[in-house]
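Chain residues, written in single-letter form:
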Amino acid sequence: MRIYLAGLIQTGFVWRGNSASENILLTEDIRNAYPYDLESYHYLRDTRRAPEFFREKKKKVFLDSGAFSMFTQGIKVDLKEYAEYIKSNLDWIEVASNLDEIGAGKEEQTYFNQKTLEGYGVKIQPVHHARDNDQWLQRYLDDGYDYVFLGGMVPESTGYLREWLDRMWDRYLCHPDGSPRVKVHGFGLTVADLMFRYPWYSVDSTSWVMTGRFGAVYLDLPHRDVKVTFSDQSPKHKDLTGPHYDTLDPLTKAAVDARIKELGYDPALLRTHYGWRDHFNIAYFQRIQSRSRERLDRTMIAPGLFDA
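Residues numbered from 1 in each chain as written. Predicted model: local features only at pLDDT ≥ 70, side-chain atom pairs only at ≥ 80, totals over all residues. Heavy atoms only, no water.

Colleague: Give a description of the nonpolar core that names residues and reports values.
Modeller: Nonpolar side chains tend toward joint burial in soluble globular proteins. Formed by 38 residues in total, the largest nonpolar core has its most connected members in L165, L173, W200 and F285. In terms of residue count, the dominant contributor to this core is helix 9 (residues 158-173) (seven residues). Residues F53, Y82, A83 and Y85 belong to the second largest nonpolar core, which totals 23 residues. (Core = buried A, V, L, I, M, F, W, Y, C linked by side-chain atoms within 4.5 Å. Buried < 20%, exposed > 50% of the residue type's maximum accessible area, 1.4 Å probe, protein only. Helix = DSSP H or I, 4+ residues; strand = E, 2+ residues; numbered from the N terminus.)

Structure (structure tokens):
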């Protein structure tokens, strides 16, 4: 499974230059080396320096249309302009999503956008949303697409998503032995239970940066993954029920300290530097990418997978 980290351009890290702070340089150090980038057309289309950066760094980018961001801001996108942007930047765009319509009952318009963009001569991958009618996913499969994107999941509860994804994978996306029929991407999906329950080809997340900004890091302990808050500025600092480093019980704190030091980091720096938290969180995603393949090989290829 590929885990695409979203929001590099949106954060503005890449153009801070030699005057950048230690925090920013720490983030850039590991972020620029990370192999899987997802960026939004919404943020790229007016950013002339972005193509230069991707070419200089020899990066390949998963291009999200940015439909949800533009929908929330009332921005209407010209399909031809989107197609021309893709055609002008094929040297660094690895894969691009359809400009999906947001809201109930918009499946037909989303399908129309898919075909219109293809008519402009670009290869676009289809997007199917949670709460869309299932028949539209089937239609994309019948049309022969080999890579489909599942979206509309961010506002939904984990319970709903588990039920919906069980149905999508069981009825449409898996062979009887549990192996995937096509490549599938999950937009904004980094809930561990849902990441490892299905044979995703890829998912994406902005949590590498958002978690660090709120003072926390992801940590893989021997028997479970946890999110621990370190910053003194976090509202969880004085919350005795919250997972703050200062309120951990002695045994858990010892395990956290041991794992952090094993990975080559200093808990004190995680407390005071968001750059070190970014660095730590990106390294975490690198590790779980490797771990995901082993876990999928062990659990996914089995009849009746989604009955439990």
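Colleague: Give me the packing of helix 6 (residues 79-88) against helix 7 (residues 107-119): which residues, what numbers.
Modeller: Interaxial distance between helix 6 and helix 7 falls to 9 Å at its minimum, and their mutual angle equals 50 degrees. Overall, the two elements helix 6 and helix 7 adopt an arrangement that is oblique. Crossing of helix 6 against helix 7: the hand is right-handed. Contacts from L79, Y82 and A83 in helix 6 reach N113, T116 and L117 in helix 7. Of the residues contributing to the contact of helix 6 with helix 7, the split by class is four nonpolar, two polar and no charged. (Axes fitted to C-alpha atoms, helices over the stretch in contact; angles between N-to-C directions. Parallel < 35°, antiparallel > 145°, perpendicular 65-115°, else oblique. Left-handed = near helix turned anticlockwise from the far one by under 90°. Contact = heavy atoms within 4.5 Å. Nonpolar A, V, L, I, M, F, W, Y, C, P; charged D, E, K, R; others polar.)

Colleague: Run through the pattern of salt bridges, naming residues and quoting values.
Modeller: Evaluated as defined, the whole model comprises 14 salt bridges. D37 is the salt-bridge partner of K59, the closest N and O atoms lying 2.9 Å from each other. Residue K59 is located in the loop between helix 4 (49-57) and strand 3 (61-64), and its partner D37 is located in strand 2 (residues 37-40); the two are separated by 22 residues in the primary sequence. With its nearest N and O atoms 2.6 Å apart, the salt bridge here joins D91 to R55. Of the two residues, D91 is situated in the loop between helix 6 and strand 4 (93-96) and R55 in helix 4; the sequence distance between them amounts to 36 residues. Residues participating in the shared-partner salt-bridge network are D220, R259, E262 and R287. (Salt bridge = Lys/Arg side-chain N within 4 Å of Asp/Glu carboxyl O.)

Colleague: Break down the sheet that holds strand 7 (residues 183-186) for me, citing the residues and quoting the values.
Modeller: Spatial strand order, 4-3-2-1-8-7-6-5: eight strands in an open sheet with parallel pairing. One side of each edge strand has no neighbouring strand; the edge strands of this open sheet are strand 4 and strand 5 (127-129). Pairwise comparison of adjacent strand axes, ignoring direction, gives a mean angle of 30 degrees for this sheet. Contacts from helix 9 reach strand 5, strand 6 (147-151) and strand 7, with the element oriented near 160 degrees to strand 6. (Pairing = 2+ DSSP bridges.)

Colleague: I'd like a description of the packing of aromatic side chains, backed by residues and values.
Modeller: With the rule as written, the count across this model stands at 25 aromatic pairs. Residues F149 and F187 carry aromatic rings whose centres are separated by 5.6 Å and whose planes lie at 80 degrees to one another, so their mutual orientation is edge-to-face. With a gap of 38 residues between them, F149 in strand 6 and F187 in the loop between strand 7 and helix 10 (192-197) connect regions that are remote in the sequence. Summarising the burial analysis for this pair, F149 and F187 share the class buried. Taking the centre distance of 5.3 Å and the plane angle of 15 degrees together, the rings of Y218 and Y284 count as stacked. (Phe/Tyr/Trp six-rings, centres within 6.5 Å; stacked < 30°, edge-to-face > 60°.)

Colleague: Which residues make up helix 4, and what are the values?
Modeller: Every buried residue belonging to helix 4 is among A50, P51, F53 and F54, and all of these are buried. Down the axis of helix 4, the smallest arc covering the buried residues is 160 degrees, so these residues share one side. For helix 4, exposure combined with an orientation more than 90 degrees from the buried face picks out E52 and E56. In the stretch just after helix 4, K58 is the one whose phi turns positive, near 55 degrees. (Arc of directions from axis to C-beta.)

Colleague: Tell me about the pairing of strand 7, and name the residues and values.
Modeller: Two strands pair when backbone bridges link them, and strand 6 and strand 7 are joined in this way by four bridges, in the parallel orientation. Note that in strand 7 the partner of Y147 across the bridge is K183. The pairing of strand 7 with strand 8 (residues 202-205) spans two bridges and is parallel. By the bridge assignment, H185 is partnered in strand 8 with S202. Between the parallel elements strand 7 and strand 8, the chain passes through helix 10 in a crossover that is right-handed. (Right-handed = clockwise from strand over helix to strand, strands pointing away.)

Colleague: Would you mind going over empty space enclosed by the protein in detail, with residue names and values included?
Modeller: Counted under the stated rule, the structure contains one cavity of 30 Å³ or more. The computed volume of the largest cavity comes to approximately 40 Å³. Contributing to the lining of the largest cavity are E101, K106, E107, T110, V127, H128, H129, D132, W136 and Y140. Counting residues per element, the ones that place at least two in the lining of the largest cavity are helix 7, strand 5 and helix 8 (134-142). Considered class by class, the residues forming the lining of the largest cavity number three nonpolar, three polar and four charged. (1 Å grid on protein atoms, 1.4 Å probe; cavity = no way out; pocket = protein on both sides within 12 Å on 5 of 7 lines; lining within 4 Å. Points joined across faces, edges and corners; volume = space filled by probe spheres on them.)

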